[in-house]
Structure formats: C-alpha cells, structure tokens
Amino acid sequence: MAPARAIIGPVSGSRRSQRRNSRVALAAIAGLALVALALAAIATGRRGVASYPADSPEATVQRYLDAVSDGRGADAAAELTDELADACRSRLTTYYFQPEFTRAVLTEVERRDDQAVVRVDITESYGGGPFGPDENTVRTTFVLTPRRAPTAPTNSSGADGAAGWAISEVPWPLYDCPGLVGA
Amino acid sequence: MISAFLNFALLAAIVFGIAKAIGALRRTDTGFEPDEPTDVREAVARLFRLGLLAATLVLTAEGIAGLVGEAIPRSGTLSRDPAELARALAFTVVGVPAALGLAAWTRRKLAPADADADAELRSGGWGLYLFATLTVSLLVALAAWHSVAAWAVAADDLDGDAVGRALSWTALWALHWPLARRRSAALGVPAGRAEPYLLAGSAIGLVSLALGTGLAAARALDGVYEDRYFDVLVSGTGVRDRVAEQAVLAALGGATWVWYWVRHARNDGPNPRWHAYVLLLGVLGGLATAVVGGARLAHAVGLWIFGRPDASTAAAHFSSVPGAAVTLVVGAALWWYHRSVLDLHPASERTEADRIYDYLAAAVGLVTATVGVIVAFVALIEALAGPESAVDRSPLANTVVLAATLVLVGAPVWTVFWFGVQRRTARASEAARVAELGSISRRVHLLALFGVAAVAALVALVVLLIGVFEDIAEGRAGTETVFRVRVAAGIVAGTGVVAAYHAVVFREDRAALPAARPALARPEVLVIATGAPALARELASNNDLRVRAWEVADRAPAVGAGLDLDGVAVALRDGPPLRLVVVERADGSYDVIAIRS
C-alpha cells in the first residue's frame, strides 16, 4: 500500500540540504534580529538635544516646538511675527491643536539676508494601538524673518538691526489661521 | 502601521470566524465532511453554550484585570475613577460564577462517561470556540505583555490594567491550549499538523516579530543617522526607549512564532492550509515588503540624480534611506526563509494557493506599473501642453522619476508572475491546462482587473468629456483644455489598455475550455469501509477533495489495509471522472468505482 504522502508526489532527494537551507535562513533571521538589538544598544542619540544662540533661527524654531510640545500656546505664539501671532494665537492655545510628537530633528537651514528657512523632520505620535502608539515622520518647513528692534545693533544672526527671528509663515501643526490675509 | 495591521487582522479574523461558523455545523477541521447525521438542535445549543462561555470568560478576564490594575499604584495619576473599580467588581461578580458554571457544563459534556462526548469533542462548534479563544487571548495577552515590558525597559508609564490583563488573558490561553491539543488527538490529527489555530498564532507571531525587528532596526539606524548628520531640536522620547519598545515587540513576537510555528506547525506537509500560509503570508508578504523597500530606495536615488529634490543636502534627502533599507532587508529575510521552508515540502501539483500567489503578485505588479504609466502620460501632457502660468506643480523631472520608479518596480513583477503562469499553462498537459484556465483564482483575477479597470476608464472618460465639452461650449478649446483633462486622459489610456487586454485573455480562456467544464467542480469521493472516517480524513487532508465516509457496520476494523491511495489520487488527477466510490470488500480489499458524471 502506498503511504498517504505518496498522493502528493515525490519528495525531493536532497531533503537534508534543504533542511539545512531552512535552518541557515532561520539562523540568518535570528542574526538579523540580534544585529537590530545590538544597533539598539549603540544607537542612543548620544549627542542629546542641540543648543543654539538664542537669537538664531534654529533656537526660535526650537523654542516654538518646545512650547507646542508642552501645550504652551501663548509661548508658541510669541515666536511668530506679530501679524501671524494675532491670527494664529487662538488656534495655538486651543487644546486640540496640541499634537503629540516624540521628536523633532533639524535637517537643514538656509539663511538669506531677510529670510531663513529651517527644515525639520517631526515624528508625530498618534493613537493608542495595542502595541504602543503609531508614529509618522513629516518633513516640515519653517520660514522666518528677522525681528526688527529699533535700538538693537547688528547681532550674531547676521541681519542688520535684528533682534532674533520670528516665524513668518503659518507653521506646523497649523494649516491656516483665521483672518490671515492670503492664508 | 501597527494599528493598520491590527485592524486588518481583526477584519480578517471576523471574516474567517464567519466562514468557520457557517461550516462549523457539519465540518471538522480537516477537509473531511463527516456523513453522520447532524443534530441541528444539538449543534445550535452547543454554539449558544460555547458562545456564552466565551463571553463570560471575557467578562471574567477583564474583571480580574481591572481588580489587579486597581491594586497596582499608577504613575502620573493623582486620583482613580471609582467607576473603574465598580466595573471591575461587577464583571468579576457576574463573570466568575457564570464562567465556572458553563465550564463545568462543558466539561461534563466532554467527560468520557457522557455518551455524546466524542461528538462534542469532534464538533466544529468546539473547534471554532477553541480557535477563537486561543487566538483572541493570544492577541490580548501579547498586547498587554508588550505594555508591561515597555514599562520595564523603556520610559513608559506602568499601566496596572495591562499587568492584570497580561495575567488573566495568559491564564485563559494556557487553560485552552491543552484542550485544543486534546481535540486534535481525538480527531486523529497527526502530530505536527498545522491546524488553523496554530497557523493563526504563527501569523500573529511572525508579523509581530517582523514589525518589531524592522521598527527597532529602523529607529536605531535613524538615531545613528541623526547623530551623524542632524541636530535634535526636541526629544520627547529618547532613541533608546523608542527602540526598546519595538525590541520588546520583536521578542514577544519571536517567542510566539517559535512556539507556534517552529515547534508545532513548521514540519507539516504540503497540505493546502499549510501551503497557503507559507506561500501567501510568508513568501508573498515578504516579496511585497521587499519590493516596497526597494522602490523607496530607487525613488530616493533617482530623485537625487535626475529630479529636483526638496532638500538641498544629500544628508537631508537620503534621511529616509535607513527605514527603506530595513524594509527591504526584513522583506527579503521573510521571503528567503519561507521559500526555503517551501522547498522542504515540494508539491508535485499546482494548488489553488500557488495560483492565488501568482495572480496576486501579478496584480500588484500590474497596478503599480499602470499607475506609473498614467503618471508618465500626465507628465508628457504637462511637458507638451502645460501653460507657463501653472503653479504649485511638482517639477516635471520629479514626476518622471516617480513614473519611472513605479514602472521599473511594477513591470518586472507583473512580467515574471503573469507570463510565468502563461508559459507554464501553455506547456502543461491538457488536464493541467484546463484546471488552470478554469480555476477560480484565474477567473477572479481576470474579471476583477477587467472590471475595476473598465469602471475607472469609463468614469475618467466622463470627466474628460465634461472638461472638453465645457471648453468647447465656452469657446476656449485648445492646449489649455488638453492640460486641464490630462489626469483623466492618463487614466483612460492606462486603465483602458488593462481592461482590453484582460477582456481578450478572458475570452481566450473561455474558448480554450471544454464546453462542459467538470474540472471546475471539486472532486468527490465516497468511502464505504470499516474505519471509513480515518481513511476519509487521510484522503481529504492532503488533497482538495470532498470526501464522505460511510462506516461499514459489523466487521472487524482494518484501517487502510489494501487501499491504493496513490491510485485514487491518480484517478482523480488525470481528469474525469470526478466522482469515485471506494468500497471495502468482505476480504478487506477495496473496489474503486468511477461514477459517470
């Protein structure tokens, strides 16, 4: 009588080497997992959070993001130009515009005489999935202009007569602000 | 990404549960349908009792979890909601006695002294209950252990409810595991057979392992990349904690996968269920993951060389490369491992799972390539007819790079899988060719692609004509009109070709099939013998057959002796007849009788 397996057809003669291949594959995957864990041990963001001169565009964006992160809408609005702050203050201070984000990484800064563009990768955290919150990284751009101070001399920002920088275009996480001309 | 997967898994579980419930009244978990008369009243009563038991067990587990949670101090919580304690108490007070009572009732039904114990143990309702309880308790326990472990290794707050849930749902799982093994033994399922609850656990473990490993590695590499090239402005959660969270998921998933798959299900033979799991989840899932990772890498490189990237520095532009590379490696590892497992149990015949694999991969490749062609078509019109005043458009070079990436990724996948099937079918024997052309997978593939593409083409054609007629009526038809309807025109061109091609193939298939297509039916075997159920189960477990068993009374059992199972399979494989009757003679040998259709 033919065994039941024979119904399916012939079994490969090189079963042993195939089994070895399967084990090699399994070992390779285990190795991959171990490498990932080893990387986890060494990749620890050793440099920590960066610090910049207080009147630089980077510091302005950093203060803004810190304030948004902590839910301090009024402090966040203080980093915007006066016109933008008036238009956006209500949105920034509304509770549902406090996003949860885990990380903001500065990727690029472009400076011109009257404008600075700061690009930041922001990792947003949302939802409460069974295996922890989901994350999504968005690339955002902050456009800043020098904040004029009548008595201030030339400062380290490089903009003559400027006293630091202010965000001049509607910033993340807002899309528009009520009453803003051209928004 | 994780919640999306879990939503999908939940939906799949619901669909699977409904399908199982429909078949549960009659079917055991092999392909064999027992021909014993089914007492519908008893089956409905059983489902009701077991459904109630499952519900009270959930109440009990959640109630106990809530009580444990109340006993554990919570970080960052000033006061507790008394309603939570009240709810936990109510769940426990109602759930525990009800669950104990129903469990005792079910235990009595399963006790050897009960006349119907064997029927209870073999019933589809009991199998469905065990499948659902084991799978749900595994999922909930894994999520709860993840939360507890994330508190231990990362900076997460301790969730007392999670501790309670981890304990109560793990206990629920541990209580049901031996019951499932006992049922398998009673059904005569060989050790190592990949039963549905084993494959469900294997899938949960595999996906958790792959996601956890991939996300841990991606976050770790992102951390290294950021340290090397960028500055961190704000860090709510440190890299180490974010990696640890996912490493915990990988460890839990790995343990689950090793227990379910490596220890219990891996060494099963090529039965359809095992084959479908390895092929569709492991091989196809791995391939799709690797292709997505490769496509992201190719797009980043192409955009940098030929396009106009947003970022001005290479470091900023290629910041997505670590994640894409990890996706590629994880997908390739999944694909490689499951291919090697498949090689251990080569099937001589092409199964429905093989077909689903080929047609799904071909469809994914074709859709990707078609989107690429549409994007390229739109880019071409923009280049030829785009007015200077058009603003807020992606640079043309970027659109071309996107189109090229989609085509370069999708076209090879479609070509390999689709023309592989076509070539194999053309060279196959008549019976195999008829089986392929008449298979449900191929017909669904052709009709779905034709239907979706045709509807998309028609809708786009309507949009295109509205734009054209509008401009004609207003007397402004010209290159501006062509530009305005460029997307609709691209969709009409791309999907129209796809719809036409698949309509032609469908017609060719129909013409090539015999007028009467008995091969579309599922072959049937009726076994009349002593020990018929065991024989029937053996036949059904390795072949896509519908097997009925009629037990011969008043004869000493001689299970399987003298029956040429190979001959039965050959008779079915080589075309009609599609109905066989296997009858045991008085001397213990067998007659195999073909039935005229």
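Reference entry: report on the structure contained in this document.

Calculation notes
- Residues numbered from 1 in each chain as written.
- Chains lettered and ligands numbered in written order.
- Predicted model: local features only at pLDDT ≥ 70, side-chain atom pairs only at ≥ 80, totals over all residues.
- Heavy atoms only, no water.
- Core = buried A, V, L, I, M, F, W, Y, C linked by side-chain atoms within 4.5 Å.
- Buried < 20%, exposed > 50% of the residue type's maximum accessible area, 1.4 Å probe, protein only.
- Helix = DSSP H or I, 4+ residues; strand = E, 2+ residues; numbered from the N terminus.
- Contact = heavy atoms within 4.5 Å.
- Disulfide = S-S within 2.5 Å.
- Phe/Tyr/Trp six-rings, centres within 6.5 Å; stacked < 30°, edge-to-face > 60°.
- Axes fitted to C-alpha atoms, helices over the stretch in contact; angles between N-to-C directions.
- Parallel < 35°, antiparallel > 145°, perpendicular 65-115°, else oblique.
- Left-handed = near helix turned anticlockwise from the far one by under 90°.
- Nonpolar A, V, L, I, M, F, W, Y, C, P; charged D, E, K, R; others polar.
- Polar contact = N/O pair within 3.5 Å; in protein donor to acceptor, adjacent residues only side chain to side chain.

### A closer look at the nonpolar core
In terms of nonpolar packing, the biggest core is built from 72 residues, with Trp261(B), Tyr277(B) and Val278(B) touching the most fellow members. At 11 residues, helix α7 (residues 196-229) of chain B tops the list of elements feeding residues into this core. Those residues in contact with Trp261(B), other than ones at most four positions away along the chain, are Leu199(B), Ser202(B), Thr256(B), Arg266(B), Trp274(B), Tyr277(B), Val278(B), Tyr337(B) and Val341(B). Among the nonpolar cores identified, the runner-up in size contains 32 residues, and Ala50(A), Ala76(A), Phe101(A) and Ile167(A) belong to it.

### Considerations on the state of the cysteines
All names here are of chain A. Applying the stated criterion across every chain yields a total of 1 disulfide over all chains. Note on cysteine connectivity: Cys88 is disulfide-linked to Cys177, with sulfurs 1.9 Å apart. Taking the torsion about the sulfur-sulfur bond, which here is approximately 100°, the covalent link between Cys88 and Cys177 counts as right-handed. Of the two residues, Cys88 sits in helix α4 (residues 82-92) while Cys177 sits in the segment after β4 (162-167), which places them 89 residues apart along the sequence. Comparing Cys88 with Cys177, the two get one shared label, buried.

### Here's the deal with the packing of aromatic side chains
Residue and element names in this part refer to chain B. Throughout the structure, instances matching the rule amount to 18 aromatic pairs over all chains. Their ring planes at 35° and their centres at 4.9 Å tell us that Trp261 and Tyr277 sit as a pair that is tilted. Placement of the pair is Trp261 in helix α8 (residues 239-265) and Tyr277 in helix α9 (residues 272-306), with a sequence separation of 16 residues. Note on Trp261: relative accessible area 0%, which makes it buried. Residue Tyr277 is classed as buried on the basis of its relative accessible area, which comes to 7%. On the basis of an interplanar angle of 55° and a centroid distance of 6.3 Å, the ring pair of Tyr359 and Trp418 is categorised as tilted.

### Topic: the packing of α7(B) against α8(B)
Residues and elements named next belong to chain B. Contact geometry of α7 with α8 gives a least axis separation of 7 Å together with a crossing angle of 155°. Judged by the inter-axis angle, α7 sits roughly antiparallel to α8. Here α7 and α8 pass one another in a crossing that is left-handed. Grouping the constituent residues of the contact of α7 with α8 by class yields 18 nonpolar, 12 polar and 3 charged.

### Some words on the environment of Glu226(B)
Mapped onto the fold, Glu226(B) is located in helix α7. In sequence terms Glu226(B) and Ala191(B) are 35 residues apart; their C-alpha atoms lie 50 Å from each other. Within the structure, Glu226(B) has its side chain in polar contact with the side chain of Arg103(A) (distance 2.8 Å).

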